[in-house]
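Report on the structure
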Amino acid sequence: MDTDVSQVGWIPVALNNAVQAGSAIRVIAGTDDIALWRGKDGVAHAWENRCPHRGMRLSYGTVCGNRLRCLYHGWIYDGSGTCVAIPAHPDLTPPQTIKVRTYRCVEAGALIWISDEDNSAPAIDGHWTPCRSLHIEVAMPDLPEILKWTKVNSVRPLSTYAADVALPDQGRLILAVHPMGSKGAMLHCALPASARRDSLLSASHWLGELRSRIEQAAVV
Amino acid sequence: MKLYDYVLSGNCYKIRLLLGFLDLDYEKRPVDFFPGREHKSDAFLKINPLGQIPVLEDGEIRIRDAQAILIYLASRYDKSGEWFPGQSHSQIAEVAQWLAFSDMITSTASAARLHDMLGYNLDIDAARAGAHRLLRVLEDHLAHQEFDGHDWLAGRRPTIADISCFPYVALAEDGGIDLFCYPAILRWIRRFTALDGFHSMPGINVSP
Ligand SMILES: N[C@@H](CCC(=O)N[C@@H](CS)C(=O)NCC(=O)O)C(=O)O
Ligand code: FES
């Protein structure tokens, strides 16, 4: 499925522990390549993964305080994506027009969500802890389709891409799918914050089996 | 101590990493792996009949195979005993299991890298698919270790199992193998590069 981030609302692109304070990672959302990073203050940012200078992936960059420094020529961008320093021209104040394209980025339900739209972010009650993110090789089936592959007691949709589900064996969890265009999809799973090792492990095995069923069904 | 070494080789890097962590002095004997193919020369085949690097010489002892060299160095020179823990039989076996696994990473992820970087003629799709099968196993294991509060492959402390798996996993993208779908592996790479005494090599992007 070709998903354009600008048309689909909020996409859960990672569990909240995928990117630590002071670091940057790469995520794919639909057909968009995105740098996801946290400043030292812990605030998550989602930016187009392309430096306005020469196009270097910003996910290779270095976080300096609450700013991101491009790996290639060291241009520095503040939290709004605006270029604030160019090392090769230390005396120059960079023009305000040098700005990275940014997405809206929020955290809820142990997930990091991004969007291109102004609509409100998914409201998720309670406290959650990250469990697993698993890659699926095949193009993404949608969530209702995926839920047909497993026994569920109840489903409360949180967005197009996520639901709060209750399972006969695992209890309650958040299941999210995140489309990555030609690169398949990710399945993310979060558990209530009270979950301990045994429930995390059990949910991880359940998610692994779900992935196998999705991948096998796509092959035949 | 003398290490037959090639700067871009992940298997030689395993040895440089442990020598760095243990803070041991050694002599590097560069092998012209590319384009010279010195590792296949008559002279080098007398040193290692398999025509492979790394090889380590320590006095009268000569060892080939990165994993064997790691075991030798850790059991001989690591006074802390932490890099190759020898107390528990099951932990020895666990480390050995990941050492063997790392050689499977060499034959897949490293092969893909040789194809992309040095133009080796091999089945690139098979190499990448093989690497992804192994990375899934590694990802599951590291995520489950985290549930137990463990940051490393074989327990609470980094061991030669981590050293042995690190290079070709961290270099996988050089072979066109995306790592962004393996979050637990990415966290482990970040922890590894933050270890005291860690040294980098070309192609390893170190987080500060
Ligand atoms: N099992 C050996 C494999 C070593 C290996 O593949 N070395 C590469 C360089 S990184 C090599 O010499 N390749 C040449 C060949 O295998 O013919 C080890 O772990 O040391
Ligand atoms: S490409 Fe980013 S600073 Fe040049």
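On a predicted model such as this, the values are computed, not experimentally measured, just so you know.

What about the packing of aromatic side chains?
The full count for this structure, using the stated rule, is 14 aromatic pairs over all chains. When the ring of Trp-37 of chain A is compared with that of Trp-47 of chain A, the centres are 5.1 Å apart and the planes differ by 80°; the resulting orientation is edge-to-face. Here Trp-37 of chain A, found in strand S3 (residues 32–38), pairs with Trp-47 of chain A, found in strand S4 (residues 44–48); they are 10 residues apart in sequence, far enough to count as distant. Of the residues examined, Trp-37 of chain A reaches a relative accessible area of 0% and is grouped as buried. With a relative accessible area of 1%, Trp-47 of chain A lands in the buried category. Geometrically, the ring pair formed by Phe-192 of chain B and Phe-198 of chain B is edge-to-face, given 5.9 Å between the ring centres and 90° between the ring planes. Under the relative-accessibility criterion, Phe-192 of chain B is labelled buried at 0%. Assessed through its relative accessible area of 16%, Phe-198 of chain B is described here as buried. One aromatic cluster is present, built from ring pairs that chain together Tyr-13, Phe-21, Trp-83, Phe-166, Trp-188, Phe-192 and Phe-198 of chain B. Sitting over the face of the ring of Trp-152 of chain B, Arg-191 of chain B holds its NZ or CZ atom 5.9 Å from the ring centroid.

Let's talk about the nonpolar core
Ranked by internal contacts, the top residues of the largest apolar core, which has 64 residues, are Leu-138, Ile-160, Phe-166 and Trp-188 of chain B. Breaking this core down by element, the ones donating at least two residues are helix H1 (10–21), helix H3 (66–77), helix H4 (89–118), helix H5 (124–147), helix H6 (160–170) and helix H7 (183–193) of chain B. Among residues more than four places away in sequence, those in contact with Leu-138 of chain B are Trp-98, Phe-101, Leu-153, Val-169, Ile-185 and Trp-188 of chain B. Ile-112, Val-165, Cys-189 and Trp-206 of chain A belong to the second largest nonpolar core, which has 44 residues in total.

Examining the interface of chain B and chain A
For interface size, the figure often reported is the accessible area lost on association. Across the contact, 16 residues belong to chain B and 28 residues belong to chain A. For the chain B and chain A pair, buried surface summed over both sides reaches about 2000 Å², with 51% attributable to carbon and sulfur atoms. The largest share of the area that chain B buries against chain A comes from Arg-136, Phe-147 and Phe-180 of chain B, three residues that together contribute 35% of it. The tally of links from chain B across to chain A stands at five salt bridges. Between Asp-178 of chain B and Arg-26 of chain A there is a salt bridge whose closest N-O contact spans 3.9 Å. On inspection of chain B and its partner chain A, the count reaches nine residue pairs in polar contact (both at pLDDT 80 or more). Residue assignment for the side of chain B that touches chain A shows that the elements contributing at least two residues are H5 and H7 of chain B. Residue contributions to the side of chain B that touches chain A peak at six residues, all from H5 of chain B. In terms of residue class, the side of chain B that touches chain A is made up of six nonpolar, two polar and eight charged.

Conventions adopted
Residues numbered from 1 in each chain as written. Chains lettered and ligands numbered in written order. Predicted model: local features only at pLDDT ≥ 70, side-chain atom pairs only at ≥ 80, totals over all residues. Heavy atoms only, no water. Phe/Tyr/Trp six-rings, centres within 6.5 Å; stacked < 30°, edge-to-face > 60°. Helix = DSSP H or I, 4+ residues; strand = E, 2+ residues; numbered from the N terminus. Buried < 20%, exposed > 50% of the residue type's maximum accessible area, 1.4 Å probe, protein only. Lys NZ or Arg CZ within 6 Å of the ring centre and 35° of its normal. Core = buried A, V, L, I, M, F, W, Y, C linked by side-chain atoms within 4.5 Å. Contact = heavy atoms within 4.5 Å. Buried area = accessible area lost by both parts, 1.4 Å probe. Salt bridge = Lys/Arg side-chain N within 4 Å of Asp/Glu carboxyl O. Polar contact = N/O pair within 3.5 Å; in protein donor to acceptor, adjacent residues only side chain to side chain. Nonpolar A, V, L, I, M, F, W, Y, C, P; charged D, E, K, R; others polar.

Shape descriptors only; they carry no functional weight alone.
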